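The primary structure of each chain is shown beneath.
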Amino acid sequence: MILGLTFRGFLRHAALPGFRARFQDLFASGFRYIPYFIALVYGVVRLLPPNHPYLLPENMGRYGVRHVIAEAANNLVFSRRNIDQILLFVCILFGMVLLVLQIGLLCGAIFFQPVMAAMPTTFPGFFITANPDQDLAHMMMDLVFGVPDLFQSCIDSGGGCVTSEGDPINRPAGGTGTDWAFENPGGLPLPVHTGLHQIFQFYNIGLTVVAFFIAVYFIVTILFETAESGTPFGRRFNKVWAPLRFVIAFGLLFPVGFGYNSAQYIVLYAAKFGSGFATNGWNLFTDTLTTSYLGGLQELAAEPNIPEVGTLLQFMFAAKTCAEAEKISGGFTTPTIFPYLVKDPLAVPVNHLEIAYSTPYADLLQFTNGATQAIIRFGTYSEEENPRMMGHVSPTCGELTLKLSDPRPPSCTGAWTASWPGCEPAEPGVQAMQEYYWFIIKEMWFFAMDTPDPYPENLVNGTAAFEKSPGQHDTLLPQVVKDWMIGLQDFYRDDLREAMTGDPPPSMPSSGILGFIGGTDALTLMEASGRWAIGPELRAKGWGGAAIWYNRVAEMNGALTTAVLNIPLPSRYPAIMEKVYAKKRQIEEKVNFATRFNPKSTTEAATEGLNGDEQKIAYILWNAFNMWQEGDSVSTTYTQPTGNAVVDIINALFGTEGLFSMRRNDNVHPLAQLTGVGRSLIETSLRNLTYASVGGAGGALLAQISQFTGATAANFSSFLVTISMIGLTAGFILFYIVPFLPFIYFFFALGGWVKGIFEAMVGAPLWAMAHLRIDGNGLSGQAALSGYYLIFEVFLRPILIVFGLLASISIFSAMVSVMNQVFDLVVANTGGFDVTAELTGIGASKIAEMRSAIDKFFFTVIYTIIVYLMGMSSFKLVDLIPNNILRWMGQAVATFGDQREDIGQSLVGSSTVGAQQTLGSIGGGLQGLAALGKRP
């Protein structure tokens, strides 16, 4: 025995870390005060005598609570004189019982409450991914490090990796085909991994040799310090921790397999368990929701602005009038003009299809066969007379184009599978809107334009039009027809909203239109499709796929908005009207686009080349066309011309409510709002650019504003192109970039995590070598401590990234919701509108100035910018939370992911510059084209 130590005690002190004593000191040291404090209370009322051992501070920790209570109970005498002692003893005893009950209830609340029913109870339940085959994080780890049977993804197994929709993205072993993303030969390691493993093995062996020399240096140092100081191992040597560190250092450098050492496998397993921790947490989160984690469909789908139906009704009225005029002028008692679906005359097996009221939407899809538009021509079919015309049908009474944003079949069963190889069903909500437009074309032709009184025939046979001279047809426009037309516009506007949402406006009952397309509106069909939910295919992607669903909000809103805005538009007016317009362009210096079909001309030669009946029909068709843009009748569903050029253009560009109406449903998720307005901006800007390129100054647009002459239209062409460029740039950012930002931030956070793991794999041998220290306390020592935190950061970062995503969604939604509540007040105060004065009648009324079209446009721009900035600041939480959370542990370790640039901000900046350069070139070309309209 030396210095009171036995040989056994020496070994225990030198070789064992003393964890038991440390745990006791950590968890038991603080509770020794509780019995002492209870004893002091009992001493106040003399239940313990003044010199009792329990009242002495040096005896703390030598007795427990039960000893104090038992000793006090032995000294308690039940008598009236000791009432104070009895009350205090009972109170303390009752308090101890309550404390035990509270601890029990807390444990029950943690482990047995209903919402925690799915809480795992085992280590695998917390930290192991149950189904790693399609897990994105595991796939990336297998692709980068190539360790067989570790992450067990489809890359390792050689099975088929699938997309979030369940579609294959790689070819299985021995498979064929070129339509998948990459070939997966099956089994790891791949050739690139073999090379990686070799260089890691080379690196690890080299550092092990360096570690050996460092160990030799410390051994020599210990010998010299022992000789110098006379103290065994020297004064710096920590006799407990230094030997353990040397053992751990070389144990961590020990090669395990595939070129990696023990330290590197610790990193890989930390990544695996951390990924499983995040995936199980994400799955638990989604399992406890009754709807999607952004809310129900009504909160995710922004209702698009109702498109203008006046142009369609104007065309259909003129086409129907044309058909009646052709019938009467030919002396027929039955119609001679029919609607046809047409395509290239050489198309096989059919190039035309006569449309009846009963022709189903399925026939349209079969005829178009995947084309993105359907051409509907009103005329006569004859192979002999029309050999080169589409479908061999003459456009006698005009032509409509119905764009199909989703031309796929409604299902992939039965005949659809045979006729559509590789069939994928259409988005049901988009299909519903396309089917609705197909229906209203037939409804207008066969019913709405053919009602008993009034109807287009009144313009022809009801007034003996062919008995009159051309100049006598201006009086054939009874006011009752105008009123009927206004009512028809209101009906179709409200009916269109019902087809989108299923809710008829309060002013009208359900129209019954939905019965024709299956009785279900577009939003309900989209919700029933299940694509809004986190299905098994997306769930299988693990925590790495958490942001994929978020991007679907933009996808689904964009599809619905595009389908709604793709209202059928005329591509040709009746042939006689087009002849008049062509002649006027030849003989007149400037043609007023609003009156381009008027046979009256300053040279009286606009009807040159037309026979007598055609001249009469030309006047009749002009009356039918002009009826929609004069007097109380309007060519737009929403607005009358105001006489203010800028206001009328903005109204025509964006509608009366403009983009300001994006806020009409403040319960809609802000991302849905932004994607809806972005898609609307893109669609309307592209439409207006087309108008600007035709006629030099947006003729089709300015035709709705009858006050503008051709010269004025040319002068406004530059303005139209400029505002369209602004709309395209803003729409591009709002629809394509902003909805993509959550996924971009999240995906780069996932990539940053993998890059941090690679950094840790390279740094792990250095971390092992950092244990080679002979001084200081603790297993890690000061040098290796940061390595432990970096490994812990690898483990913890995945679930912190998920927290960042959820935080960004919640905070973004909350900020926009609050701004929606106060934005009207801010706008009113900024615009100088005094709500109180208006309500009390004090002062001159400015109610008309509260929301003019110009105000709506610019306040919408401001609102959009604010929401965009709030989104950018919120989505950055996906990076900020995992990058900074370890400071709560008093550490500031930094990885590659912490130091990368702001991906979202860089993407937006680059996209904006690119869009401005590209669109600027397009705009310059269109402005040059528009300038031609100013030349004499």
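Keep in mind that this is a model prediction, so the values were computed, not measured. Sequence order sets the numbering: in each chain, residues are counted from 1 along the sequence as written. Only residues with pLDDT of at least 70 get local features here, since the model is predicted, and only at 80 or more are side-chain atom pairs given and counted; chain-wide, interface and lining totals rely on the full set of residues. The side-chain quantities take in all heavy atoms of the structure and omit both hydrogens and water.

*Asks:* I would appreciate a short explanation of the overall build of the protein chain in the present structure.
*Replies:* A run of DSSP states H or I qualifies as a helix once it reaches four residues; a run of E qualifies as a strand once it reaches two. Both are numbered from the N-terminal end. The helix and strand tally for the protein chain stands at 35 helices and 9 strands. Only protein chains enter the accessibility calculation, which uses a 1.4 Å probe; a residue is then buried when its area is under 20% of its type maximum, exposed when over 50%, and partly exposed in between. In the protein chain, which comprises 936 residues, the share counted as buried stands at 48%.

*Asks:* Would you mind showing me how to read the sheet that holds strand β6 (residues 352–354) here?
*Replies:* By way of backbone hydrogen bonds, the strands of a sheet pair with one another, either parallel or antiparallel. Here, any two strands with at least 2 DSSP bridges between them count as paired. Spatial strand order, β6-β5-β7-β8-β9: 5 strands in an open sheet with antiparallel pairing. Either end of the sheet is taken by a strand with one partner, and the two such strands are β6 and β9 (569–572). Adjacent strand axes in the sheet meet at a mean angle of 30° when their direction is disregarded. Here an axis means a line fitted to C-alpha atoms, over the contact stretch when the element is a helix, while the angle between two N-to-C directions is reported on a 0 to 180 degree scale.

*Asks:* Before we go on, may I ask you to explain the state of the cysteines in this structure?
*Replies:* Here is the idea: a disulfide is a covalent bond, and it sits between the sulfur atoms of two cysteines. Pairs of cysteine sulfur atoms within 2.5 Å are what we label disulfides. Summed over the entire model, instances satisfying the criterion amount to 1 disulfide. Two residues, C322 and C397, share a disulfide whose sulfurs are 2.1 Å apart. The disulfide joining C322 to C397 has a torsion of about -75° about its S-S bond and is therefore left-handed. You can see C322 sitting in helix α13 (residues 310–329) and its partner C397 sitting in the loop between β7 (373–379) and β8 (399–403), a full 75 residues away along the chain.

*Asks:* Can you help me understand the nonpolar core in this one?
*Replies:* Counting 81 residues, the largest nonpolar core has M141, Y260, L268, W543, W753 and I757 as the members making the most contacts within it. With 16 residues, the top contributor of residues to this core is helix α30 (residues 781–830). We call two residues contacting when some pair of their heavy atoms lies within 4.5 Å. Leave out the neighbours within four places in its chain, and L268 touches M141, F145, V147, L150, F151, Y260 and M761. Side-chain atoms within 4.5 Å link the members of a nonpolar core, which is a set of buried Ala, Val, Leu, Ile, Met, Phe, Trp, Tyr and Cys residues.

*Asks:* I'm lost on the packing of helix α11 (residues 262–287) against helix α29 (residues 741–769) in this one. Help?
*Replies:* Pairs of packed helices are described in terms of their axes, by the angle between the two and the distance that separates them. For the pair α11 and α29, interaxial distance at closest approach is 8 Å and the crossing angle is 150°. One element, α11, and the other, α29, form an angle in the roughly antiparallel class. For the pair α11 and α29, the crossing hand works out as right-handed. Together, A263, Q264, V267, L268, A271 and S275 of α11 and W753, I757, A760, M761, A764, P765 and W767 of α29 make up the contact between the two elements. When its residues are assigned to classes, the contact of α11 with α29 shows 11 nonpolar, 2 polar and no charged. Between 65 and 115 degrees an angle is taken as roughly perpendicular, under 35 as roughly parallel, over 145 as roughly antiparallel, and anywhere else as oblique. Here a crossing is called left-handed whenever its near helix is offset anticlockwise from the far helix by less than a right angle, and right-handed whenever the offset is clockwise. Polarity classes work like this: nonpolar for Ala, Val, Leu, Ile, Met, Phe, Trp, Tyr, Cys and Pro, charged for Asp, Glu, Lys and Arg, and polar for all others, with Gly in that last group.

*Asks:* Would you take a moment to explain the packing of aromatic side chains for this structure?
*Replies:* Ring pairs (aromatic) are described by centroid distance and by the angle formed between their planes. Here a Phe, Tyr or Trp ring, Trp counted by its six-membered ring, pairs with any other such ring whose centre lies within 6.5 Å, and the pair is stacked when the planes are under 30 degrees apart, edge-to-face when over 60, and tilted otherwise. One pass over the structure, following the stated rule, counts 36 aromatic pairs. For the ring pair F277 and F795, a centre distance of 5.7 Å and an interplane angle of 10° mean the geometry is stacked. Here the residue F277 occupies a position in helix α11, and F795 occupies one in helix α30, the gap between them amounting to 518 residues. Taking the relative accessible area as the measure of exposure, F277 reaches 22% and is therefore partly exposed. Ring pairs connect the aromatic residues F123, F126, F127, Y269, F273, F277, F792 and F795, which therefore count as one cluster. By definition, being over a ring means that NZ of Lys or CZ of Arg is both within 6 Å of the ring centre and within 35 degrees of the ring normal. Over the ring of F367 we find K343, and its NZ or CZ is 4.6 Å from the ring centre. The ring of Y581 has R596 lying over it, and the distance from NZ or CZ to the ring centre is 5.9 Å.

*Asks:* How should I be thinking about the environment of A528 in this particular structure?
*Replies:* Locating A528 in the fold gives a position in helix α19 (residues 522–528). A528 sits in the exposed class, given a relative accessible area of 65%.

*Asks:* Is there a simple way to explain α11 in this structure?
*Replies:* Along an α-helix, residues three or four apart share an orientation, since each turn contains 3.6 residues. Multiplying one less than the number of residues by 1.5 Å gives the expected span of a helix. The end-to-end C-alpha distance of α11, which contains 26 residues, comes to 37 Å, matching closely the 38 Å that a straight helix rising 1.5 Å per residue would cover. Residues adjacent in sequence count toward polar contacts only when both atoms are side-chain atoms; beyond that, a polar contact is any pair of N or O atoms within 3.5 Å, and within protein one must be able to donate a hydrogen and the other to accept it. Its side-chain oxygen at 3.2 Å from the backbone nitrogen of A263, N261 defines the N-terminal cap of α11.

*Asks:* Quick question: what am I supposed to make of the pattern of salt bridges here?
*Replies:* Working definition: two side chains of opposite charge can pair if their charged atoms are close together. Salt-bridge detection follows one rule: a side-chain nitrogen of Lys or Arg within 4 Å of a carboxyl oxygen of Asp or Glu. Taken as a whole, this structure holds 6 salt bridges when the rule is applied. Across the pair E324 and K327 runs a salt bridge whose closest N-O atoms are separated by 3.2 Å. Here E324 and its partner K327 are both found in helix α13, 3 residues apart, which amounts to about one turn of the helix. Across the pair, K327 and E324 agree in class, each one buried. A salt bridge links R408 to D406; the shortest N-O distance between them is 2.8 Å.

*Asks:* Looking at this structure, how should I read a nonpolar patch on the surface?
*Replies:* Residues form patches when they are more than 30% accessible in relative terms and have no salt bridge. Like charges link within 9 Å. Nonpolar side chains (Val, Leu, Ile, Met, Phe, Trp, Tyr) link within 5 Å. Note on areas: these come from Shrake-Rupley sampling with a 1.4 Å probe, and a residue is covered only by the protein chains present in the view. Taken together, I205, V209, F212, F213, V216, V220 and F224 make up a surface patch of nonpolar side chains, about 690 Å² in accessible area. Position of V216 relative to the elements: it lies in helix α9 (residues 191–229).

*Asks:* Where do I start with the side chain of H138 in this structure?
*Replies:* Its location among the elements puts H138 in helix α7 (residues 136–145). For H138, a relative accessible area of 2% translates into the label buried. Residues contacting H138, with those up to four places away along its chain left out, are T129, P132, F151, S153, K272 and S275.

*Asks:* Hey, could you run me through the confidence of the model for the protein chain in this one?
*Replies:* You can read pLDDT as the predictor saying how much it trusts each residue, on a scale of 0 to 100. Looking at the protein chain as a whole, the pLDDT averages 74, with 66% of positions reaching at least 70. For the protein chain, helix α18 (residues 513–516) is the element with the lowest average pLDDT, namely 42, and strand β5 (residues 338–342) is the one with the highest, namely 95. Ignoring residues within four places in sequence, the model shows residues 171–183, a span with pLDDT below 50, making 20 contacts including any to other chains. Predicted confidence is poor over residues 655–660, with pLDDT under 50, and the contacts of this stretch with residues over four places away or in other chains come to 20 contacts.

*Asks:* How should I be thinking about α9 in this particular structure?
*Replies:* End to end, α9 covers 57 Å across 39 residues, agreeing with the expected 57 Å (1.5 Å per residue, within 8%). Listing the buried residues of α9 in full gives H193, L196, H197, F200, N204, L207, A211, A215, F218, T221, I222 and E225. Contact partners of the buried residues in α9: α7, α10 (241–252), β4 (260–261), α11 and α29. G230 sits one or two positions beyond α9 and adopts a positive phi of about 80°.

*Asks:* Honestly, the packing of α13 against helix α16 (residues 428–446) in this entry has me stumped. Any pointers?
*Replies:* Between α13 and α16, the least distance of the axes is 10 Å, while the angle of their chain directions is 40°. Here α13 lies oblique to α16, going by the angle between them. α13 and α16 meet at a crossing whose hand is right-handed. Where α13 abuts α16, its residues L312, L313, M316, A319, K320 and A323 lie against I440, I441, M444 and W445.

*Asks:* Any chance you could explain the environment of T729 here in plain terms?
*Replies:* Residue position: T729 is located in helix α28 (residues 717–737). According to the relative accessible area criterion, T729 is buried, its value standing at 13%. For the pair formed by T729 and G678, sequence separation is 51 residues and the distance between their alpha carbons is 9.4 Å.

*Asks:* Mind showing me how you'd approach the environment of F758 here?
*Replies:* Tracing the chain through its elements places F758 in helix α29. C-alpha separation for the pair F758 and F145, spaced 613 residues apart in sequence, amounts to 8.5 Å. Those residues in contact with F758 that sit more than four places away from it in its chain are V144, F145, L196 and F200.

*Asks:* Any chance you could explain the pairing of β7 here in plain terms?
*Replies:* Every other side chain in a regular strand lies on the same face of the sheet, so the side chains alternate between the two faces. The element β7 is extensively covered by neighbouring structure, given that 6 of its 7 residues are classed as buried. In the sheet, β5 pairs with β7 via 5 bridges, with the strands oriented antiparallel. Across the sheet, the residue bridging to V342 is I375, located in β7. Here β7 pairs with β8 via 5 bridges, running antiparallel. Note that in β8 the partner of I375 across the bridge is T401.

*Asks:* Please clarify how unusual backbone geometry should be interpreted in this entry.
*Replies:* When glycine is set aside, most residues are seen to have a negative phi, and most peptide bonds are trans. Within the chain, Q152 stands out as a residue other than glycine whose phi angle is a positive 60°. By the element assignment, Q152 lies in the loop between α7 and α8 (154–157). Although it is not a glycine, H392 sits at a positive phi angle of roughly 60°. Its place among the elements puts H392 in the loop between β7 and β8. For H392, a relative accessible area of 10% puts it in the buried group.

*Asks:* I tried to follow the side chain of K272 on my own but got confused; where do I start?
*Replies:* With respect to the helices, strands and loops of the structure, K272 is situated in helix α11. Within the buried set, K272 has no salt-bridge partner at all; the shortest N-O distance to an opposite charge, 9.1 Å, is to D156. Excluding residues that lie within four positions of it along the chain, K272 makes contacts with F127, H138, L150 and F151. The convention is simple: Lys and Arg are positive, Asp and Glu are negative, and His and the chain ends are not counted.

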